[in-house]
Amino acid sequence: VQLQASGGGSVQAGGSLTLSCVASGNIVAIHRMAWYRRAPGKQRERVAAIEHSGMEDYRDSVRGRFAISRDNAKNMVTLQMNDLQPADTGVYYCNVDVRTASWTNYWGQGTLVTVSS
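Residues numbered from 1 in each chain as written. Predicted model: local features only at pLDDT ≥ 70, side-chain atom pairs only at ≥ 80, totals over all residues. Heavy atoms only, no water.

## Points about the packing of aromatic side chains
Phase 1: By the definition in use, this model includes two aromatic pairs.
Phase 2: Aromatic side chains tyrosine 36 and tryptophan 107 sit 4.8 Å apart centroid to centroid with 65° between the ring planes, which places their arrangement in the edge-to-face category. Remark: tryptophan 107 occurs in strand S10 (residues 103-107) and tyrosine 36 occurs in strand S4 (residues 29-38); sequence separation between them is 71 residues.
Phase 3: The partly exposed category is assigned to tryptophan 107, whose relative accessible area is 37%.
Phase 4: Judged by centre distance (6.4 Å) and plane angle (90°), the rings of tyrosine 93 and tryptophan 107 are edge-to-face. With tyrosine 93 in strand S9 (residues 90-99) and tryptophan 107 in strand S10, this residue pair connects regions lying 14 residues apart in the sequence.
Phase 5: According to the relative accessible area criterion, tyrosine 93 is buried, its value standing at 15%.
Phase 6: A connected cluster of aromatic rings, assembled from ring pairs, spans Tyr36, Tyr93 and Trp107.
Phase 7: Across from the ring centre of tyrosine 93, 5.1 Å away, lies the NZ or CZ of arginine 44, which sits over that ring.
Phase 8: Over the ring of tryptophan 107 we find arginine 44, and its NZ or CZ is 3.8 Å from the ring centre. (Phe/Tyr/Trp six-rings, centres within 6.5 Å; stacked < 30°, edge-to-face > 60°. Helix = DSSP H or I, 4+ residues; strand = E, 2+ residues; numbered from the N terminus. Buried < 20%, exposed > 50% of the residue type's maximum accessible area, 1.4 Å probe, protein only. Lys NZ or Arg CZ within 6 Å of the ring centre and 35° of its normal.)

Written out as C-alpha cells, the structure reads:
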C-alpha cells in the first residue's frame, strides 16, 4: 500500500490550502483516515481524523478552520485548511488504517505547509 499526498505550499496568514492523500495498492478496506503535522522543533500531532462512517474529529486549534473529508470510492482523504496562521506551519502527513490481509497503519511521505505573517 502506498499513500500519495499533495497540495502543500506557501501562503500568507488568512489564506487557504487543500491537502489530498490517495491510498493505492491491494486494499480491502480503509478505516480511519487522518492528517498529522510536525511543526519545526515540535512533536508530531494529530490535526484531524475521519472514520469510515464519516465521523470527524479535530484538534481544538484548527476546529472551525479546517475540514476533513473522504471519498471512499477513491480511497482519498482531503484536508481543507482555511484562515491559515503561522502556527499551522509544518510538514503534514496523512495516516490511514488499511485492511489488506490484515489491518495495518500507513504513513504518507509528508507535504510542507508554510504560512507567513
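## What to know about the sheet that holds strand S1 (residues 2-6)
Phase 1: Taking strand neighbours across the sheet as the criterion, the four strands line up as S1-S3-S8-S7 in an open arrangement whose pairing is antiparallel. Here the strands that pair on one side only, and so sit at the sheet edges, are S1 and strand S7 (66-71). Neighbour to neighbour, the strand axes of the sheet diverge by 15° on average, direction disregarded.
Phase 2: Note: S1 against strand S3 (residues 17-24), five bridges, orientation antiparallel. (Pairing = 2+ DSSP bridges. Axes fitted to C-alpha atoms, helices over the stretch in contact; angles between N-to-C directions.)

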